[in-house]
Amino acid sequence: MRVLIVEDEKPLAKEIVFFLKENEWVCDWAANFLEASENIAVNPYDFILLDLGLPDGNGMDLLDEINDHQKNSLVIILTARSEVSDKIEALEKGADDYLPKPFSLLELQARMQAILRRKSGWNNEQMVVGEFTLDTHNSVVIHKGERVHLTKKEFRLLYFLLVHKNRVINRFQLAEHLWGDHVEDEYQSNFINVHIKNIRKKLGEYASVDWLETIRGIGYRIQL
Amino acid sequence: MYLSSKMVLFNLLAKGVILSMFFISAPFLFNHFALKNTDLQLDEKKEQVLSIIKREGMSQFFSEEDTLSGFGSYNILKEEYILLEKIQDPEPLDTIYNRDRILENERVPYRVRAYMFSFQEDYFLLEIGRSLGTIKDTENIIYKILLVTFWFFLMMTFFLDIAFNKRLIEPFRQIIHQKLSQIDEPQQFPYQPVKTSTIDFQLLDSSISEMMKRIQKSFNQERVFISHASHELKTPISVLQSQIESFFSEENLSDKDLDRLMEMQSTVQKFKKTVNSLLLLSKVNNAQFLKSETVDIALILEDLFEEWESVAEDKSIDIRLLTSESFQLKATNISLCTIMLQNVLINAIKYTPSGGSIEMSGTPCNLGYRISIKDTGPGISPELMEQVKTGIVFLKDAKVDRSGFGLQIIFKIALYLGIEIEMDSGEHGTEFNFCFHE
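Residues numbered from 1 in each chain as written. Chains lettered and ligands numbered in written order. Predicted model: local features only at pLDDT ≥ 70, side-chain atom pairs only at ≥ 80, totals over all residues.

**What about the overall build of chain A?**
When helices and strands are counted, chain A shows 8 helices and 14 strands. In chain A, once contacts between residues fewer than 6 apart in sequence are set aside, the share between residues at least 24 apart is 56%. (Helix = DSSP H or I, 4+ residues; strand = E, 2+ residues; numbered from the N terminus. Contact = placed C-beta atoms within 7 Å.)

**With respect to the interface of chain B and chain A**
Between chain B and chain A, the contact holds 42 residues from the first and 38 residues from the second. The biggest single contributor to the side of chain B that touches chain A is helix H3 (residues 199-248) of chain B, with 16 residues. The residue inventory of the side of chain B that touches chain A, partitioned by class, reads 12 nonpolar, 17 polar and 13 charged. (Nonpolar A, V, L, I, M, F, W, Y, C, P; charged D, E, K, R; others polar.)

**Some words on the sheet that holds strand E11 (residues 420-426) of chain B**
Residue and element names in this part refer to chain B. Reading across the sheet, the 5 strands line up as E7-E9-E10-E12-E11 and stay open at both edges, with mixed pairing between neighbours. Taken across any chain shown, the strands that pair with only one partner, and hence form the sheet edges, are strand E7 (318-323) and E11. Across this sheet, the average inter-strand angle for adjacent strands is 10 degrees, counted without regard to direction. Of the pairings in the sheet, the one linking strand E9 (residues 357-365) to strand E10 (residues 368-375) comprises 8 bridges and is antiparallel in character. The residue of E10 that forms the bridge with Ser361 is Ser372. Set on the sheet, helix H5 (residues 297-314) makes contact with E7, E9, E10 and strand E12 (429-437); between it and E7 the angle comes to about 165 degrees. (Pairing = 2+ DSSP bridges. Axes fitted to C-alpha atoms, helices over the stretch in contact; angles between N-to-C directions.)

**A closer look at helix H1 (residues 3-56) of chain B**
Residue and element names in this part refer to chain B. With 54 residues, H1 extends 75 Å between its outermost C-alpha atoms, agreeing within 8% with the 80 Å of an ideal straight helix rising 1.5 Å per residue. Along its length, H1 reaches its greatest deviation from straightness, about 45 degrees, at Ala26, and the proline Pro27 lies no more than four positions downstream. When H1 is considered as a whole, its buried residues turn out to be Val8, Leu42 and Lys46. Those residues of H1 that are buried lie in contact with strand E3 (94-103), strand E4 (106-119), strand E5 (122-131) and helix H2 (132-181). After H1 finishes, the residue Gly57 shows a positive phi value of roughly 80 degrees. (Expected span 1.5 Å × (residues − 1). Bend = angle between axes of the 7 residues up to and from the residue. Buried ≥ 20, exposed ≤ 12 C-beta atoms within 10 Å, placed from the backbone.)

**Quick word on the packing of H3 of chain B against helix H4 (residues 255-285) of chain B**
Residues and elements named next belong to chain B. Close contact between H3 and H4 brings their axes to 10 Å; oriented N to C, the two are set at 160 degrees. Judged by the inter-axis angle, H3 sits roughly antiparallel to H4. Considering the relative orientation of H3 and H4, their crossing is left-handed. Between H3 and H4, the residues in contact are Ile226, Ser230, Leu233, Lys234, Ile237, Leu240, Gln241, Ile244, Phe247 and Phe248 and Leu261, Met264, Gln265, Val268, Phe271, Lys272, Val275, Leu279, Ser282 and Lys283, respectively. (Parallel < 35°, antiparallel > 145°, perpendicular 65-115°, else oblique. Left-handed = near helix turned anticlockwise from the far one by under 90°.)

**Topic: helix H6 (residues 334-351) of chain B**
The end-to-end C-alpha distance of H6 of chain B is 26 Å, a good match for the 26 Å that 18 residues give at a rise of 1.5 Å each. Those residues of H6 of chain B that fall on the buried side of the exposure criterion are Leu336, Cys337, Ile339, Met340, Leu341, Asn343, Val344, Leu345, Ile346, Asn347, Ala348 and Ile349 of chain B.

**Considering the nonpolar core**
Leu49 of chain A together with Ile413 of chain B are the most contacted members of the largest nonpolar core, which totals 97 residues. The leading source of residues in this core is H6 of chain B, at 10 residues. Leu84, Tyr115, Phe124 and Leu126 of chain B belong to the second-largest nonpolar core, a separate cluster that totals 7 residues. (Core = buried A, V, L, I, M, F, W, Y, C linked by C-beta atoms within 7 Å.)

**Brief notes about the environment of Phe150 of chain B**
All names here are of chain B. Assignment of secondary structure puts Phe150 in helix H2. For Phe150, a count of 16 C-beta atoms within 10 Å translates into the label partly exposed. Placed 135 residues apart in sequence, Phe150 and Lys15 show a C-alpha to C-alpha distance of 9.8 Å.

**Thoughts on the pairing of strand E10 (residues 140-143) of chain A**
Residues and elements named next belong to chain A. Pairing analysis gives 4 bridges linking strand E9 (residues 132-135) to E10, with the strands arranged antiparallel. Pairing of Phe132 across the sheet is with His143, part of E10. Here E9 folds back onto E10 in antiparallel fashion, the turn holding 4 residues, of which Ser139 has a positive phi close to 55 degrees. Note that E10 and strand E11 (residues 146-148) share 3 bridges and pair antiparallel. Bridging from a neighbouring strand, Val141 pairs with Val148 of E11. The antiparallel hairpin formed by E10 and E11 contains 2 residues in its connecting segment, where Lys144 sits at a positive phi of about 50 degrees.

**A few points about the packing of H1 of chain B against H2 of chain B**
All names here are of chain B. Axis separation between H1 and H2 bottoms out at 10 Å; the angle between their running directions is 165 degrees. Judged on the interaxial angle alone, H2 and H1 are roughly antiparallel. Note that H1 runs across H2; the crossing there is right-handed. For the contact of H1 with H2, the per-class residue count stands at 18 nonpolar, 8 polar and 4 charged.

**Here's the deal with the sheet that holds strand E12 (residues 169-170) of chain A**
All names here are of chain A. Pairing in this open sheet of 3 strands is antiparallel, and the strands run E12-E14-E13 from one edge to the other. Strands with a single pairing partner mark the edges of an open sheet, and in this sheet they are E12 and strand E13 (212-215). Relative to strand E14 (residues 219-222), E12 runs antiparallel, the two sharing 2 bridges. Looking at E14, one finds that Ile169 is bridged to Tyr220.

**What about unusual backbone geometry?**
Of all residues except glycine, most have a negative phi; of all peptide bonds, most are trans. Following Lys101 of chain A, the chain continues into Pro102 of chain A via a peptide bond in cis, with omega recorded as -5 degrees. Although it is not a glycine, Asn166 of chain A adopts a positive phi angle of roughly 65 degrees. Checked against the element boundaries, Asn166 of chain A lands in the loop between helix H6 (152-163) and E12. A count of 8 C-beta atoms within 10 Å places Asn166 of chain A in the exposed class. Positive phi is not limited to glycine here, since Ala287 of chain B has a value of about 55 degrees. Take Ala287 of chain B: it is sitting in the loop between H4 and strand E6 (293-296). The class for Ala287 of chain B is partly exposed, based on 17 C-beta atoms found within 10 Å.

**Quick look at the environment of Asn37 of chain B**
Residue and element names in this part refer to chain B. For Asn37, the location among the structural elements is in helix H1. Overall, the presence of 12 C-beta atoms within 10 Å leaves Asn37 in the exposed class. Spatially, the C-alpha atom of Asn37 lies 9.7 Å from that of Ile135, the residues being 98 residues apart in sequence.

**Notes on the pairing of strand E6 (residues 74-79) of chain A**
Residue and element names in this part refer to chain A. Of all 6 residues in E6, 6 are buried, a share of seventy percent or more. The alternating pattern of E6 places Leu74, Ile76 and Leu78 on one face and Val75, Ile77 and Thr79 on the opposite face, and all of these are buried. Bridge count between strand E3 (residues 47-51) and E6: 5 bridges; the pairing is parallel. If you follow Leu50 over to E6, its bridge partner there is Ile77. One ladder, built from 4 bridges, connects E6 with strand E7 (residues 97-100); its direction is parallel. From the neighbouring strand, Thr79 faces E7, where its bridge partner is Pro100.

**Here's the deal with the environment of Glu245 of chain B**
Within the secondary structure layout, Glu245 of chain B lies in helix H3. Not counting the four nearest positions on each side in its chain, Glu245 of chain B is found in contact with Ser104, Leu105 and Leu106 of chain A.

Following this line, the structure appears as structure tokens:
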């Protein structure tokens, strides 16, 4: 899949490109409005990651060009601007999601996958981990046809780890995914530990959960 | 009490006091003037009688044979009498006095005009009397007529005052309602002037509008500043965070490298949360959140309970939830409501010691819906509470509350969303009460 990253901050753009390439995306980078406009007019993209604050123009205006030339592209707005009117305008102009900076690259990838699933009509996607199946549409975990009760947060935590399987996800990334930026960091690790403990306990009553690994001092990983 | 009510009440009381004073003194005044009037009438009658005697002699009163028995005459109701008698030992007399007369075994008080005069070498005493009862009756009738008239006047002016004051105060009421009390944010302010011919209200209206223009200007400047500050602060954090995450994904990192990366990540997270909290406070102060959502507030409480129950239980805290029924809160912001309640709950879990308890409840109340979150933690110091109430962002007790923003965020969101908040904190624990108005 091909993605256009419209971002004037070179170090950030470099990291996003590097991260997405590792995840087998084909990436183009446009550092300003003009370059982005040219790319949008010439190349077909599956995804466009669009920063609003560009040095030579307003990223919001590029949404009109995207609507003209890239009708099938999926757009995520990446911005450090905080005005709620920006968010409303972007979504009204057809953006698929709005991710405020600073964001985790894992969060970006999870959002991209979620949009892809939604747009592709994969609402009934089922993900398998060990003997368990995650029904992403209904947010439930099933073991041999029997529903395993997890809270909403526990399901989201398990799902996020599964989306990024075989990768160590640290406590900060997990906490940010669950609660955003308004929970005191000192206690986040405790909260995450409790939720992981509950997931292990609840799933452990049905089958082994040794695929859910603790990386001491760092975080957790689903190893498949 | 409203200004118009006060004005009407003042008018009513002022008139009431004046009229009461009048009615208290009225009997004495009436009596005085009635007697004066009666005296004048008696004088006139005396002059009439003397004029008749001068013109026609005594033949109207005495027969020629009997001039010693005197002349006396009462009208039919004994209200007036006239007495004329010849006297042997004349003493000058020209006076008015009250005297009782016995008539048919009944004592009747009279106002009497007595006058001694000489006629054809004889001396006569003339007495003309008028019943004091008749005078009193006249006084009472006048008193009653005045009482009714003044009572009617008082009522009429009371209702006229109400109508006039209402009309007079209407522009002032419009200024208060449309331009002050209903304005939560400067953007809502209506600049069209209120129609009034009262110069004072015109001045008030234009002064408020001018003031609001200045507030709106600084509000917009603040908004632009927040937007720029947000961009300038968040972009480098974003770069740092992405770079650290990229390092994490590298293979063959030693434990030492991972520890260092975690420390870096922790520092970036703290920085990020501080910036986000400051921006959240600024944005709430600057009314940059929409209030257009409808939410079942009891459901938020239930979700939070489900989310944090296990964390509390892991700390051996007895956590309970009591919700009676759902409550639809309109024109609000779900994210802010959740952040506000979640911050209170997380603080409760953080500070309640093992073995303590937390009680969450949601119940309907007179004004709408009340949510209470009560813990048995050590409580918040009065000094810290004072800082929160005075709006100090960087709280002094930052050792306890890390960043120190948590309480500020709770209070600012409540203020912005129009949620009444009460907090009771002491050695017994802390209780937050939120009243969500219907």
